[in-house]
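An overview of the molecular structure
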Amino acid sequence: MSLVQLPKAPFACKNLIGGKWTTPVGASVREVLSPHTGEVIGHVPMSAASEVERAVLGAREAAELWRTTPMKERTQRMFRFRELLEKNLDELGHSAAAEAGKMFAEGRAGVLKGIEVVEFALSIQNLDIGGSLEVSRGVFCEYRREGLGIVAGITPFNFPAMVPMWMFPIAVVLGNSFLWKPSEKVPITACRLGELMLEAGFPEGVFSIVHGGKEAVDGILEHRDIRAVAFVGSSPIAKYVYERGTQHQKRVLALGGAKNHLIVVPDADVELTSQGVLDSFIGCAGQRCMAGSVMVAVGNVDHIVKRLVEKTEAVVVGPQMGAIIDRAALGRIAEAIAEAEQGGAKVIVDGRTKRVEGAAYASGNWIGPTILGGVKPGSSASRKEIFGPVLSIVSVPTLADAIALEHQSAYGNACSVFTTSGAVAEYVASRAHAGMIGINVGVPVPREPFSFGGSQESKFGHGDITGHGGIEFWSALKKITRKWQIQSDHNWMS
Ligand code: NAD
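All figures in this text were calculated on a predicted structure; none of them were measured in a lab. (Residues numbered from 1 in each chain as written. Predicted model: local features only at pLDDT ≥ 70, side-chain atom pairs only at ≥ 80, totals over all residues. Heavy atoms only, no water.)

What follows concerns the site of the ligand. The environment of the ligand is made up of 27 residues, and the closest members are T155, K181, E184, S234 and E385. In the model, an oxygen atom of the ligand is placed 2.6 Å from a nitrogen or oxygen of the E184 side chain. One of the side-chain nitrogen or oxygen atoms of S234 is found 2.6 Å away from an oxygen atom of the ligand. When the ligand is considered free in solution it has 840 Å² of accessible area, and contact with the protein chains removes 88% of it. Elements supplying a minimum of two residues to the shell around the ligand: α7 (214–222) and β11 (226–232). Of the residues in the shell around the ligand, the class split is 13 nonpolar, 10 polar and 4 charged. The residues that make up the shell around the ligand include at least three from each of domain 1 (11–256 + 462–478) and domain 2 (260–439). (Near = heavy atom within 4 Å. Polar contact = N/O pair within 3.5 Å; in protein donor to acceptor, adjacent residues only side chain to side chain. Areas by Shrake-Rupley, 256 points an atom, 1.4 Å probe, with all protein chains shown as cover. Helix = DSSP H or I, 4+ residues; strand = E, 2+ residues; numbered from the N terminus. Nonpolar A, V, L, I, M, F, W, Y, C, P; charged D, E, K, R; others polar. Domains from an automatic or database assignment.)

Take a look at the structure:
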């Protein structure tokens, strides 16, 4: 049984600066480990801030030319990039799966969602995003949407292809030059995407990659020539990036962690709900910001929990659920389960006892799906992001109590309701604080052109990251007021 295709030999990641692959001098090198097997699949340089400086210098000339290249011309390269993504879809899917611990289908799905954002970016050329009006006789005001210049994206481990593609296709089509700092845990897919951007014909310097961690991030946040920074990752780092970036006069949008509520009421369809809840909490082994992690059981929903437990117990780890990113995360998940148990929760399904089949995977980071029952509101298991395949069931008597629980959360990414009643669905949709709402959908990711973004500690900054939100974030409105003739009827303006 083969769960994943690993690189044939460890891949040596390099930075992409001024259109050339380079190895930073003196940088420490980190091993990239397969979450499935524990073996070394790559090496990544941990760049210093000086590498960011080099990347900005390498982008400066191209950035000015690119910003003033007509949008239709810029878009042609993105068409070519889309073709290359299609052509290399399976290879990219394997690469994302291999380094992030996903199943192949999940790796591939992430690339497909990235392609959807590319398609939105391709459509910007046909949107009327400017505007002009005669504001006084013979005087015209015009809106012109322009790229910002050099911008940056900092991304997490859990979607090696999708999350970066939430950012750079829209940014680049709008005339920006994009500097990407991928997660040091998943740098291999990043290099492959960099190769495809070069092959698509983007001018050297329009797309750059600097690998590393905090030092490279700080280099980005403090660089005066980087105009905007998008970040996706955990909430403490999102808050740090937002605060430090805005202190340095940057436009910053920083998406953080989550604790998403799945509200289940007695009238919900048993099959649709149990499957929806299962898929939400075990997809990507619970390592996604849209994973449902608290099931709020309103009244008596024992019949639905029973079916959910049956389905959860039947999950085969490996073929049906991927691995955890690293040993440290695996330890944190096991600790969170133990802490909940000590706090009085009942471990209804215990993933700690599940093992993956096959000697090749014995050193991987595996845990099975876990359901905790009787979780107390306010306890750690009901509030903290575990970022693993763990579902906490909190029981409440009424729908109003379910909403009150959702309001207590520090996060605000997603909230779903499972019901056959339109009134119940509307009650939740209009009252929940979360930025993204699901109705009988456990992973309510908005599809393009609808923008992606949560609220509270799931997002620092304004606006959203994809769709029309992306156009707003990666561009500035220039306001032009013009007159060509002397007017006979003067007013304060003309
Ligand atoms: P992380 O915060 O550890 O890392 C994200 C990025 O920040 C990486 O590029 C990393 O190198 C960098 N980084 C790490 N520590 C840093 C520091 N001290 N200073 C500066 N930069 C630092 O997140 P992760 O573990 O890679 O990803 C998982 C987290 O991302 C989860 O909390 C998940 O909910 C969140 N996430 C959120 C969304 C969303 O859309 N809201 C999407 C995906 C993931």
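Within the element layout of this structure, S363 appears in the loop between β15 (346–349) and β16 (370–373). For S363, a relative accessible area of 49% corresponds to the partly exposed category. In this structure, the C-alpha to C-alpha distance between S363 and V29, residues 334 residues apart in sequence, is 22 Å. Residues within four places of S363 in sequence aside, it is in contact with T37, G38 and R327. (Buried < 20%, exposed > 50% of the residue type's maximum accessible area, 1.4 Å probe, protein only. Contact = heavy atoms within 4.5 Å.)

Bringing the side chain of R288 into the picture now. Tracing the backbone through its elements, the reader meets R288 in the loop between α9 (270–282) and β14 (292–298). Put simply, R288 is tucked away with no salt bridge, and the nearest opposite charge, on E106, sits 6.2 Å away. Excluding anything up to four places from it in sequence, R288 contacts N158, F159, D279, S280, G283, F387 and V443. (Lys, Arg positive; Asp, Glu negative; His and termini not counted. Salt bridge = Lys/Arg side-chain N within 4 Å of Asp/Glu carboxyl O.)

Attention now moves to the pattern of salt bridges. Across all of its chains, the model carries 32 salt bridges by this definition. A salt bridge links E146 to K478; its shortest N-O distance comes to 3.1 Å. Of this pair, E146 sits in strand β7 (residues 139–147) while K478 sits in strand β21 (residues 475–483); the two residues are 332 residues apart in sequence, bridging distant segments of the chain. Residue classification places K478 among the partly exposed positions, given a relative accessible area of 40%. Ionic pairing is found between R244 and D218, a salt bridge with its closest N-O pair at 3.7 Å.

In a beta sheet, neighbouring strands are held together by backbone hydrogen bonds and run either parallel or antiparallel to one another. A sheet is described by the order of its strands in space; here 3 strands give the open sequence β6-β7-β21, paired in antiparallel fashion. Here the strands that pair on one side only, and so sit at the sheet edges, are β6 (131–136) and β21. For this sheet the average axis-to-axis angle between neighbouring strands, irrespective of direction, equals 25 degrees. One ladder, built from 5 bridges, connects β6 with β7; its direction is antiparallel. Looking at the pairing, L133 lines up with C141 of β7. (Pairing = 2+ DSSP bridges. Axes fitted to C-alpha atoms, helices over the stretch in contact; angles between N-to-C directions.)

Turning our eyes to something else, we now look at the environment of G257. Within the element layout of this structure, G257 appears in the loop between β12 (251–255) and β13 (260–264). Taking C-alpha positions, G257 is 9.6 Å from K384, a pair spaced 127 residues apart along the chain. Once you skip the residues sitting within four places of it in the chain, G257 turns out to touch G233, S234, S235, E385, Y411, E457 and S458.

With an omega dihedral of 10 degrees, the bond running from E448 to P449 counts as a cis peptide bond. Despite not being glycine, C284 has its phi angle at roughly 55 degrees, a positive value. Residue placement: C284 occurs in the loop between α9 and β14. With a phi close to 50 degrees, A285 is a non-glycine residue in the positive phi region. With respect to the element layout, A285 can be found in the loop between α9 and β14. Owing to a relative accessible area of 0%, A285 belongs among the buried residues under this scheme.

A few words on the sheet that holds strand β1 (residues 11–12). Taken in spatial order, the 3 strands make up an open sheet running β1-β5-β4, and their pairing is mixed. Both outer strands of the open sheet, β1 and β4 (28–33), are each paired with one neighbouring strand and no more. In terms of strand pairing, β4 meets strand β5 (residues 40–46) through 6 bridges, oriented antiparallel. Bridging across to β5, E31 finds its partner in H43. Contacts between helix α6 (residues 187–199) and the sheet are confined to β1, β4 and β5, with β5 contributing the most and set at about 75 degrees to the helix.

Take the domain arrangement of the chain next. In terms of domains, the chain is made up of domain 1 (11–256 + 462–478) and domain 2 (260–439). Each of domain 1 and domain 2 was reduced to a C-alpha centroid, and the two centroids are 31 Å apart. Approximately 1400 Å² of surface area, both sides summed, lies buried where domain 1 meets domain 2, with 61% of it carried by carbon and sulfur atoms. Taken as a group, P35, H36 and M103 account for 32% of the area that domain 1 buries against domain 2, more than any other trio of residues on that side. At the boundary of domain 1 and domain 2, one finds 1 salt bridge. (Buried area = accessible area lost by both parts, 1.4 Å probe.)

Axis separation between helix α2 (residues 71–87) and α6 bottoms out at 9 Å; the angle between their running directions is 135 degrees. Judged by the inter-axis angle, α2 sits oblique to α6. Where α2 crosses over α6, the two elements pack in a sense that is right-handed. Contacts between α2 and α6 involve R80, F81, L84 and L85 from the first element and L193, L196, M197 and E199 from the second. (Parallel < 35°, antiparallel > 145°, perpendicular 65-115°, else oblique. Left-handed = near helix turned anticlockwise from the far one by under 90°.)

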